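Chain and residue survey
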Amino acid sequence: MSEPTTTSPAKTPPSPRPRGRRKVEIGTVTSDKMDKTRRVEVSRLVPHPKYGKYQKHRTICYVHDEQNETRVGDLVEIVETRPLSKSKRWRLLRIVRKAPAHEEADARKAALDAQANAEPAPDQADA
């Protein structure tokens, strides 16, 4: 007698590989002249190998800012991402602190916009 044939179970797709943890850095915006791109400087202190004195080192990152919401002097949190262009490898995560000069200017601009959008009051002098 012949033995019953066994069929192999259907192949399941391989489970997706877990993504590695992405680097998150905090830095200061040093240039906002490009559209949707910011130049962010990340500073760190590194001990000298021989003397142990701490030295300032900096890394320049080009960051994608979709809404063009950051200005020079803002403290921002950025996250590593896939290559977006030749030099852009970071994405804006959030604004930690706005630069003081720009905070006042933004508030002034918002007040002027609100005033311009308000309905003009009817003149009482014409009555």
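Turning to unusual backbone geometry, a few remarks are in order. Look at Lys-36: it is not a glycine, yet its phi comes out positive at around 65°. Tracing the backbone shows Lys-36 in the loop between strand 1 (24-34) and strand 2 (37-47). Even without being a glycine, Asn-68 presents a positive backbone phi close to 55°. Turning to its location among the elements, Asn-68 is positioned in the loop between strand 3 (54-64) and strand 4 (75-80). Using a relative accessible area of 22% as the deciding quantity, one classes Asn-68 as partly exposed.

Glancing now at the sheet that holds strand 1. Pairing within the closed barrel is mixed, and its five strands lie in the order 1-2-3-5-4. Direction aside, the axes of adjacent strands within the sheet are offset by 50° on average. Here strand 2 runs beside strand 3; their pairing, made up of 11 bridges, is antiparallel. Within strand 3, the residue paired with Ser-43 across the bridge is Arg-58.

The next subject is the side chain of Asp-65. With respect to the secondary-structure elements, Asp-65 resides in the loop between strand 3 and strand 4. Its relative accessible area of 1% is what places Asp-65 among the buried residues. At 3.5 Å, the side chain of Asp-65 forms a polar contact with the side chain of Arg-38. Within polar-contact distance, the side chain of Asp-65 engages the side chain of Thr-70 at 2.8 Å. When neighbours within four sequence positions are excluded, Asp-65 is seen to be in contact with Lys-36, Arg-38, Thr-70 and Leu-92.

Summarising the sheet, strand 3 and strand 5 (residues 88-97) pair through three bridges and their orientation is parallel. Looking across to strand 5, one finds that His-64 is bridged to Arg-91. Bridge count for strand 4 against strand 5 is six bridges, and the pairing is antiparallel. Its bridge partner lying in strand 5, Val-79 is registered against Arg-91.

The rules behind the values
- Residues numbered from 1 in each chain as written.
- Predicted model: local features only at pLDDT ≥ 70, side-chain atom pairs only at ≥ 80, totals over all residues.
- Heavy atoms only, no water.
- Helix = DSSP H or I, 4+ residues; strand = E, 2+ residues; numbered from the N terminus.
- Buried < 20%, exposed > 50% of the residue type's maximum accessible area, 1.4 Å probe, protein only.
- Pairing = 2+ DSSP bridges.
- Axes fitted to C-alpha atoms, helices over the stretch in contact; angles between N-to-C directions.
- Polar contact = N/O pair within 3.5 Å; in protein donor to acceptor, adjacent residues only side chain to side chain.
- Contact = heavy atoms within 4.5 Å.

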